[in-house]
Amino acid sequence: MFIWNEADPSERFNAGDTTKLQWTTNLTTGRVLFSDMGRVLAAITADSGAGHDSIIGPNGPAQTQGRNGRDNLRCGAAKFGLSRRDLAPALSLFSPVGVDAQGVMRWRGNPPAGAMLELRAEMDLLLVLSNTPHALSPVQQATGPLAYTAWRAGAPGPDDLCRHFTAEAARGFANNDRYFAQ
C-alpha cells in the first residue's frame, strides 16, 4: 500500500519516519502513518494483529513469475499522473515479519483468515493497493481475495486513541491542524 496527500502528492507516506517517530515497527491499533512532512496521513483505528511490514516492502519482478507489488504500485501511481519517483518504501499489509536472534528479518507465517485493518484517513488521500505476496513470503504466487470498504466517518473526539497514543502522534496531528487552518 502507498498513500499520498491528494491536495499535494509531493507529500507522501514515509515508512522511515512512521517507524522512527513512534519507536516501533509494530504498526497496530493506535499508531499513525506519517508523511514526509511530519503530518499524519492516516491512523490505525483497529487491527486484528496480522502484522504489517514497513521495512522490506513488496515483492519485485525477480521474485515472482507474474505480477509483483513494485510494478503494481508504479502502475497505480501512474493512474494518478505520478511516476516511479513519486514512490518511496511502501507499507506491506498483512505481512508478519519479525527479527530472529541473529538480527535477520524472517517471515513469521501467513496471517489468519479474516485478518483486518481499519485505517482512518486524516486528510484526503490518494491510495494504491497491490494484493501480491510479501518479498519474504515463501509462497510467491497469487494471494487470497482482498475486500475493502470505504465510508465517511465522523470527526474523532478529543479523547481519540490515535491522537494521543504517543507524543509523536500528538505532534503529527498538531502539524495537521496547522496545515488545515491555513
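Because the structure is predicted, anything quoted here is derived from the model rather than measured.

## Focus on the overall build of the chain
A count of helices and strands for the chain gives four helices and seven strands. Expected size for 182 residues packed as a compact globule is a radius of gyration near 16 Å; at 16 Å, the chain falls within 12% of this value. Its C-alpha atoms put the chain at 50 × 40 × 30 Å along the principal axes. Looking at the chain residue by residue over its 182 residues, the buried ones come to 40%. Excluding contacts between residues fewer than 6 apart, the proportion of contacts in the chain whose partners are at least 24 apart in sequence is 67%. Of the roughly 10,100 Å² of accessible surface on the chain, 52% is carried by carbon and sulfur atoms. Seen as two clouds, the 17 positive and the 17 negative side-chain charges of the chain have centres 6 Å apart.

## Concerning helix α4 (residues 167-181)
Taking 1.5 Å of rise per residue, 15 residues should cover 21 Å, and α4 covers 21 Å from first to last C-alpha, within 8% of that figure. Buried within α4 we find Glu168, Ala169, Gly172, Phe173 and Asn176. Along the axis of α4, the buried positions cluster into a sector of 140°, meaning they face one direction only. Relative to its buried face, α4 has exposed residues pointing more than 90 degrees away, namely Arg178 and Ala181. The elements touched by buried residues of α4 are α1 (15-22), β2 (32-34), β3 (40-47), β6 (117-121) and α3 (161-164).

## Concerning the pattern of salt bridges
Side chains that differ in charge, positive against negative, can pair when their charged atoms come close. With the rule as written, the count across this model stands at nine salt bridges. In this structure, Arg39 and Glu11 form a salt bridge, with 3.0 Å as the shortest nitrogen-oxygen distance. Of the two residues, Arg39 sits in the loop between β2 and β3 while Glu11 sits in the loop between β1 (2-5) and α1, which places them 28 residues apart along the sequence. Judged by relative accessible area, which is 14%, Arg39 ranks as buried. Close ionic contact of Asp177 with Arg163 constitutes a salt bridge, the shortest N to O distance being 3.0 Å. Highlighted residues: Asp177 in helix α4 and Arg163 in helix α3, separated in sequence by 14 residues.

Reading the values: the criteria
- Residues numbered from 1 in each chain as written.
- Predicted model: local features only at pLDDT ≥ 70, side-chain atom pairs only at ≥ 80, totals over all residues.
- Heavy atoms only, no water.
- Helix = DSSP H or I, 4+ residues; strand = E, 2+ residues; numbered from the N terminus.
- Rg over C-alpha atoms; globule rule 2.2 N^0.38 Å.
- Buried < 20%, exposed > 50% of the residue type's maximum accessible area, 1.4 Å probe, protein only.
- Contact = heavy atoms within 4.5 Å.
- Areas by Shrake-Rupley, 256 points an atom, 1.4 Å probe, with all protein chains shown as cover.
- Lys, Arg positive; Asp, Glu negative; His and termini not counted.
- Charge placed at Lys NZ, Arg CZ, Asp CG, Glu CD.
- Expected span 1.5 Å × (residues − 1).
- Arc of directions from axis to C-beta.
- Salt bridge = Lys/Arg side-chain N within 4 Å of Asp/Glu carboxyl O.

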